[in-house]
Amino acid sequence: MWLILAAMVSACSPDKKPYKVTFRVTLPDGRPVQNAFIYLYTPVENSLIDGIITTNQLGEVTWQYDHKAIIKYEASKAGYKRCDVIELRQGTIFVDVVIYPENDPRRACLPQ
């Protein structure tokens, strides 16, 4: 009886896994982009998500949040850029970001 009750309680306990995203930023030829800036934000008032993270020498960076969220990002370096939206889920998601030069429609960024 106690075993069944313990199993039911653990099955109903909220999962404490964080919501993580690992970005990998590359150029169109596949080279990783070190020190690329990734601006993360949610376009709503009073958002707690509004900041910049920077990639390491492998073109990667991991960011973590405590809740599920829809996040917009802009990855850029030296005139190259890419914009998109991601949905955070529990555990870690991986996002490959290819940044493109100015006037390339694959940037998917709205004019500022």
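Structure first, text after, so check above.
In this report, we go over the structure that sits alongside the text. Counting of residues starts from 1 at the beginning of each chain's written sequence and follows it residue by residue. Since the coordinates come from a predicted model, pLDDT governs what is reported: local features require at least 70, and pairs of side-chain atoms require 80 or more to be given and counted, while whole-chain, interface and lining totals use all residues. Hydrogens and waters are ignored; side-chain quantities use all the structure's heavy atoms.

Things to note about the packing of aromatic side chains
Between two aromatic rings, the relevant description is the distance of the centres plus the angle of the planes.
Here comes step 1: Centres within 6.5 Å make a pair out of two Phe, Tyr or Trp rings, where for Trp the six-membered ring is used; the pair is then stacked when the planes are under 30 degrees apart, edge-to-face when over 60, and tilted otherwise. Taken as a whole and assessed by the stated rule, the structure comprises three aromatic pairs.
Here comes step 2: Here F23 and Y73 contribute two aromatic rings whose centre-to-centre distance is 5.2 Å and whose plane-to-plane angle is 65°, an arrangement assigned as edge-to-face. Taken as a pair, F23 in strand β1 (residues 19-26) and Y73 in strand β5 (residues 70-77) lie far apart in primary sequence, 50 residues in all.
Here comes step 3: Each residue gets one of three labels from its accessible area relative to the maximum for its type: buried under 20%, exposed over 50%, partly exposed in between, using a 1.4 Å probe on protein chains only. What makes Y73 buried here is its relative accessible area of 3%.
Here comes step 4: Geometrically, the ring pair formed by W63 and Y65 is stacked, given 5.7 Å between the ring centres and 10° between the ring planes. Going along the chain from the N terminus, every DSSP run of H or I of four or more residues is numbered as a helix, and every run of E of two or more is numbered as a strand.

Some words on the environment of V98
Here comes step 1: By the element assignment, V98 lies in strand β7 (residues 91-98).
Here comes step 2: Exposure remark for V98: the relative accessible area of 25% places this residue in the partly exposed category.
Here comes step 3: Contacts are residue-level and defined by heavy atoms, with any inter-residue pair within 4.5 Å sufficient. Apart from residues no more than four positions distant in its own chain, V98 is found in contact with T26, L27, P28 and R82.

Observations regarding the sheet that holds β7
Here comes step 1: Reading across from one edge, β4-β1-β7 is the order of the three strands in this open sheet, with mixed pairing throughout. Of all strands in the sheet, those bounded by a partner on one side alone are β4 (60-65) and β7. Within this sheet the neighbouring strands show an average axis-to-axis angle of 20°, counted without direction.
Here comes step 2: Relative to β4, β1 runs antiparallel, the two sharing six bridges. By the bridge assignment for β4, Y19 is matched with Y65. A pair of strands counts as paired when DSSP detects no fewer than two bridges linking them. Every axis corresponds to a line fitted to the C-alpha atoms, with the helix fit spanning only the stretch in contact, and the corresponding angles, defined between N-to-C directions, vary from 0 to 180 degrees.

Here we look at the nonpolar core
Here comes step 1: In plain words, nonpolar cores are sets of buried Ala, Val, Leu, Ile, Met, Phe, Trp, Tyr and Cys residues tied together by side-chain atoms within 4.5 Å. By size, the foremost hydrophobic cluster in this structure holds 24 residues, and its most contacted members are F23, I38, L40, W63, Y73 and L88.
Here comes step 2: Looking at this core, the elements with two or more residues in it are β1, β2 (37-41), β4, β5 and β7.
Here comes step 3: Of the residues forming this core, the biggest block, four residues, is contributed by β1.
Here comes step 4: With residues up to four places along the chain from it excluded, the contact list for I38 reads F23, V25, G51, I52, I53, T55, V61, Y73, E74 and A75.

Observations regarding the pattern of salt bridges
Here comes step 1: Salt bridges are defined as contacts in which a side-chain nitrogen from Lys or Arg sits within 4 Å of a carboxyl oxygen from Asp or Glu. Counted by the stated rule, this structure contains six salt bridges.
Here comes step 2: Here E60 makes a salt bridge to R24, at a shortest N to O gap of 3.9 Å. Remark: R24 occurs in strand β1 and E60 occurs in strand β4; sequence separation between them is 36 residues.
Here comes step 3: In this structure, K81 engages E74 in a salt bridge whose closest nitrogen and oxygen atoms are separated by 3.8 Å.
Here comes step 4: Take K81: its relative accessible area is 15%, and that puts it in the buried class.

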